[in-house]
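Single-letter residue listing:
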Amino acid sequence: MIRPITLRDDLTHIASLIYATDPFLFPYIFGKSPLGEPRIEALIALEANSFSYRMIRGYFDSEGVCQGVYIAYNKKNKSNDRDFSAVFKGLRGLWLALKLLPVAHLLNPPITNTYYLQNISVNESSRGQGIGRALLADFYDQAKKKGHASVSLDVSLDNPGALRLYVSEGFQRIKKRKILGLYPVLYYCEKRLDTTTP
């Protein structure tokens with residue numbers, strides 16, 4: 001069953017699923033494991049940030065264990081990430097702001113009129129069971145319900161398996177995104193949705 005996560009769910013487990021989605025950027029932003037996951041968990045429990053429980057949907061098995069998640073939003077309606085200052089206080093917040101300068105543009109989707117898939121993750125022990133495709137199908141359905149004609153995402157150049165999945169799902173590579181305008185690290189991809197009703 002796929003549903004929105006709530007504050008009653010196992011946020012520690014959900015934070016670890018999210019942390020695992022980006023082995024380069026998340027340790028850089030949040031700190032190496034085991035320090036990074038509790039910071040993501042703290043953000044999940046708050047409302048004004050792009051990791052908020054309000055933006056996460058999870059795939060739950062018959063025993064109620066979350067086996068996969070995705071975070072999605074419309075860039076136009078995305079919160080202002082003010083909760084980061086609650087999690088990263090004082091000098092830690094200043095240090096985070098300095099660290100984000102070279103990669104800040106990678107944290108925001110370049111086009112604002114699509115429903116953006118920020119992260120998607122499936123529990124390692126549950127991969128290969130169709131959970132990722134089920135989460136993507138739910139993502140498309142949610143985008144349509146919110147009135148979007150297209151969806152978008154970024155995928156790491158170092159993740160050819162994910163890129164193959166997204167291309168097989170109909171995503172088109174739009175452009176390479178670079179750190180400091182020099183080093184390509186991501187493909188920005190988009191997919192048009194069939195919004196005709198039967």
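Note that this is a predicted model, so its numbers are computed, not measured. (Residues numbered from 1 in each chain as written. Predicted model: local features only at pLDDT ≥ 70, side-chain atom pairs only at ≥ 80, totals over all residues. Heavy atoms only, no water.)

(A) Quick peek at the pairing of strand β2 (residues 56-60). Among the five residues of β2, four are classified as buried, and the element is accordingly described as predominantly covered. Looking at chain direction, strand β1 (residues 2-4) and β2 are connected through three bridges and run antiparallel. Bridged to Ile2 within β2 is Tyr59. Two elements, β2 and strand β3 (residues 66-74), share five bridges in a ladder whose sense is antiparallel. Bridged to Tyr59 within β3 is Gly68. Counted between consecutive antiparallel strands, the loop separating β2 from β3 contains five residues, among which Gly64 sits at a positive phi close to 85 degrees. (Buried < 20%, exposed > 50% of the residue type's maximum accessible area, 1.4 Å probe, protein only. Helix = DSSP H or I, 4+ residues; strand = E, 2+ residues; numbered from the N terminus. Pairing = 2+ DSSP bridges.)

(B) Up close: unusual backbone geometry. Between Ser33 and the following residue, Pro34, the backbone shows a cis peptide bond with an omega angle of 10 degrees. By the element assignment, Pro34 lies in the loop between α2 (25-30) and α3 (36-44).

(C) Examining the side chain of Asn123 more closely. Here Asn123 lies in the loop between β4 (115-122) and α6 (131-145). Taking the relative accessible area as the measure of exposure, Asn123 reaches 18% and is therefore buried.

(D) Up close: the packing of aromatic side chains. Summed over all chains, the structure comprises nine aromatic pairs. Taken together, a centroid distance of 5.6 Å and an interplanar angle of 70 degrees make the contact between Phe26 and Phe30 edge-to-face. You can see Phe26 and its partner Phe30 sitting in helix α2, four residues apart, about one turn around the helix. Across the pair, Phe30 and Phe26 agree in class, each one buried. On the numbers, 5.9 Å between centres and 50 degrees between planes, the contact of Phe139 with Tyr140 is tilted. By relative accessible area, which is 1% here, Phe139 ends up buried. Over the aromatic face of Tyr187 sits the side chain of Arg173, whose NZ or CZ is 5.4 Å from the ring centroid. Seen from the ring of Tyr140, Lys191 lies directly overhead, with NZ or CZ sitting 4.0 Å from the centre. (Phe/Tyr/Trp six-rings, centres within 6.5 Å; stacked < 30°, edge-to-face > 60°. Lys NZ or Arg CZ within 6 Å of the ring centre and 35° of its normal.)

(E) Quick peek at the nonpolar core. Among the nonpolar cores identified, the biggest contains 28 residues, and Ile18, Phe30, Ile40, Ile44 and Phe51 are the most heavily contacted of them. Those elements giving two or more residues to this core turn out to be α1 (11-19), α2, α3, β2, β3 and α4 (84-87). Among the elements that make up this core, the one with the highest residue count is α1 (six residues). Those residues within four positions of Phe51 in sequence are excluded, and the remaining contacts are Ile18, Phe26, Phe30, Ile40, Leu43, Ile44, Ile56, Ile71, Phe84, Gln118 and Asn119. (Core = buried A, V, L, I, M, F, W, Y, C linked by side-chain atoms within 4.5 Å. Contact = heavy atoms within 4.5 Å.)

(F) Focus on the side chain of Ser52. Within the secondary structure, Ser52 is located in the loop between α3 and β2. Ser52 sits in the buried class, given a relative accessible area of 0%. Those residues in contact with Ser52 that lie beyond four places of it in its chain are Leu43, Ile44, Leu46 and Glu47.

(G) Expanded view of the pattern of salt bridges. Enumeration according to the criterion identifies three salt bridges in this entry. Residues Arg3 and Asp9 are paired through a salt bridge, measuring 2.7 Å at the closest nitrogen-oxygen approach. A relative accessible area of 22% places Arg3 in the partly exposed class. Arg133 serves as the salt-bridge partner of Glu169, at 2.4 Å between the closest nitrogen and oxygen. Of this pair, Glu169 sits in the loop between α7 (160-168) and β6 (172-179) while Arg133 is found in helix α6, placing the two residues 36 residues apart along the sequence. On the basis of relative accessible area, Glu169 is assigned to the buried category, the value being 17%. Residue classification places Arg133 among the partly exposed positions, given a relative accessible area of 44%. (Salt bridge = Lys/Arg side-chain N within 4 Å of Asp/Glu carboxyl O.)

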